[in-house]
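Coordinate analysis (summary)
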Amino acid sequence: MSRPSIAEVSALIADLAALSQNPNRTSAEYAALMIRKADVLERIAARTPGDAEAAEVARVARERADSLDSAN
């Protein structure tokens, strides 16, 4: 897994902020962004072996993203 770049993380944060301000967001848009967030967190966790907290945050994010994805 490749390490996420600062630009990628910054873009994700900006997109999270923009989506939270959008009252017309769809569940599919939200699910897609949560999938992207889970991917970034998994890649961060993969690059920090031994960091149990990073691994747990990534695991929870993936579970949530998968549940949203299957609902759409």
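This text follows the structure it describes.
Here's a quick rundown of the structure. On a predicted model such as this, the values are computed, not experimentally measured, just so you know.

If charged atoms from side chains of opposite charge come close, those side chains can pair. Within the structure shown, the criterion is met by seven salt bridges. In this structure, the salt-bridge partner of arginine 62 is glutamate 42, at a minimum N-O distance of 2.9 Å. Taken together, the positions of arginine 62 in helix α3 (residues 52–71) and glutamate 42 in helix α2 (residues 27–46) put the pair 20 residues apart, joining distant regions of the chain. Glutamate 42 sits in the partly exposed class, given a relative accessible area of 22%. The residue aspartate 66 makes a salt bridge to arginine 62 at a minimum N-O spacing of 3.7 Å. With aspartate 66 and arginine 62 both in helix α3 and four residues apart, this pair spans about one turn of that helix.

Another point: the nonpolar core. Core analysis: the biggest nonpolar cluster contains 10 residues, these being Leu12, Leu19, Ala31, Leu33, Met34, Ala38, Val40, Ala61, Ala65 and Leu68. Looking at this core, the elements that each hand over two or more residues are α1 (6–20), α2 and α3. With five residues, the top contributor of residues to this core is α2. The residues contacting leucine 33, other than those within four sequence positions of it, are Leu12, Asp15, Leu16 and Leu19.

Procedures and definitions
Residues numbered from 1 in each chain as written. Predicted model: local features only at pLDDT ≥ 70, side-chain atom pairs only at ≥ 80, totals over all residues. Heavy atoms only, no water. Salt bridge = Lys/Arg side-chain N within 4 Å of Asp/Glu carboxyl O. Helix = DSSP H or I, 4+ residues; strand = E, 2+ residues; numbered from the N terminus. Buried < 20%, exposed > 50% of the residue type's maximum accessible area, 1.4 Å probe, protein only. Core = buried A, V, L, I, M, F, W, Y, C linked by side-chain atoms within 4.5 Å. Contact = heavy atoms within 4.5 Å.

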